[in-house]
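Now for the letters of each chain:
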Amino acid sequence: MKINIACPSTGMQRVIETDDELKLQNLYERRMGQEIEGGILGEEFDGSVMKISGGNDKQGFPMRQGVLTNTRVRLLCKKGQKAYRPRRTGERKRKSVRG
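One structure accompanies this document, and this report is about it. Bear in mind the structure is a predicted one, so any value in this text is a computation, not a measurement.

Quick word on the pattern of salt bridges
Opposite charge on two side chains makes pairing possible when the charged atoms of those side chains draw close.
Here's step 1: Inspection of every chain in the model, using the stated rule, returns three salt bridges.
Here's step 2: Between glutamate 44 and arginine 14 there is a salt bridge, with its nearest N and O atoms 2.8 Å apart. With glutamate 44 in the loop between β3 (35-37) and β4 (49-51) and arginine 14 in strand β2 (residues 12-17), this pair connects stretches of sequence that are 30 residues apart.
Here's step 3: Since its relative accessible area comes to 56%, glutamate 44 is described here as exposed.

What follows is the structure, encoded as structure tokens:
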């Protein structure tokens, strides 16, 4: 699993690839906007607090703020919303997203 860690105030960005299930179990069943302690990802992040701001599941469906479940749901999307690009004017479409 790839984890992208970014600090907007300093511009630092780091990508961590890990297959350690003990570290990854703490990230499962979390929602967007939740804060986690950095120590669960490794000793180098000990003492920091991180916020989940996005992601996708194994099938590639994106996460979306405001979906109150950890499962996949189908939302009616229109122009200007994330995860959807209309092909015709006024078109709306039901798309699958995660919470």
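So that's the structure; there's more coming.
Observations concerning the pairing of strand β1 (residues 2-7)
A regular strand carries its side chains on alternate faces of the sheet.
Here's step 1: Here six bridges tie β1 to β2, and the two strands are oriented antiparallel to one another. Residue pairing across strands places isoleucine 5 opposite arginine 14, the latter belonging to β2.
Here's step 2: In this antiparallel pair of consecutive strands, β1 and β2, the connection spans four residues, and glycine 11 shows a positive phi of 85°.

Quick notes on a positive patch on the surface
Here's step 1: Side chains of Arg74, Lys78, Arg92 and Arg94 sit close together on the surface and give a patch of like positive charge.
Here's step 2: Relative to the helices and strands, arginine 74 resides in strand β5 (residues 72-77).

Observations concerning the nonpolar core
Here's step 1: Judged by nonpolar contacts, Ile3, Ile5, Ile16, Leu24, Leu27, Ile36, Leu41, Phe45 and Met50 together constitute the single largest core of nine residues.
Here's step 2: If sequence neighbours within four positions are ignored, isoleucine 16 has contacts with Met1, Lys2, Ile3, Ile5 and Phe45.

Topic: the side chain of arginine 64
Here's step 1: Mapped onto the elements of the fold, arginine 64 is located in the loop between β4 and β5.
Here's step 2: For the buried arginine 64, no salt bridge is present, and the opposite-charge side chain at shortest range is aspartate 57, 14 Å distant.
Here's step 3: Here glutamine 81 takes part through its side chain, which lies 3.5 Å from a polar atom of the side chain of arginine 64.
Here's step 4: Not counting residues within four places of it along the chain, the set of residues in contact with arginine 64 comprises Met32, Leu75, Cys77, Gln81, Lys82, Val97, Arg98 and Gly99.

Comments concerning the environment of glycine 38
Here's step 1: Note that glycine 38 resides in the loop between β3 and β4.
Here's step 2: Separated by twelve residues in sequence, glycine 38 and methionine 50 place their C-alpha atoms 6.1 Å apart.

Scoring rules and cut-offs
Residues numbered from 1 in each chain as written. Predicted model: local features only at pLDDT ≥ 70, side-chain atom pairs only at ≥ 80, totals over all residues. Heavy atoms only, no water. Salt bridge = Lys/Arg side-chain N within 4 Å of Asp/Glu carboxyl O. Helix = DSSP H or I, 4+ residues; strand = E, 2+ residues; numbered from the N terminus. Buried < 20%, exposed > 50% of the residue type's maximum accessible area, 1.4 Å probe, protein only. Pairing = 2+ DSSP bridges. Patch = residues over 30% accessible without salt bridge, like charges linked within 9 Å, V, L, I, M, F, W, Y side chains within 5 Å. Areas by Shrake-Rupley, 256 points an atom, 1.4 Å probe, with all protein chains shown as cover. Lys, Arg positive; Asp, Glu negative; His and termini not counted. Charge placed at Lys NZ, Arg CZ, Asp CG, Glu CD. Core = buried A, V, L, I, M, F, W, Y, C linked by side-chain atoms within 4.5 Å. Contact = heavy atoms within 4.5 Å. Polar contact = N/O pair within 3.5 Å; in protein donor to acceptor, adjacent residues only side chain to side chain.

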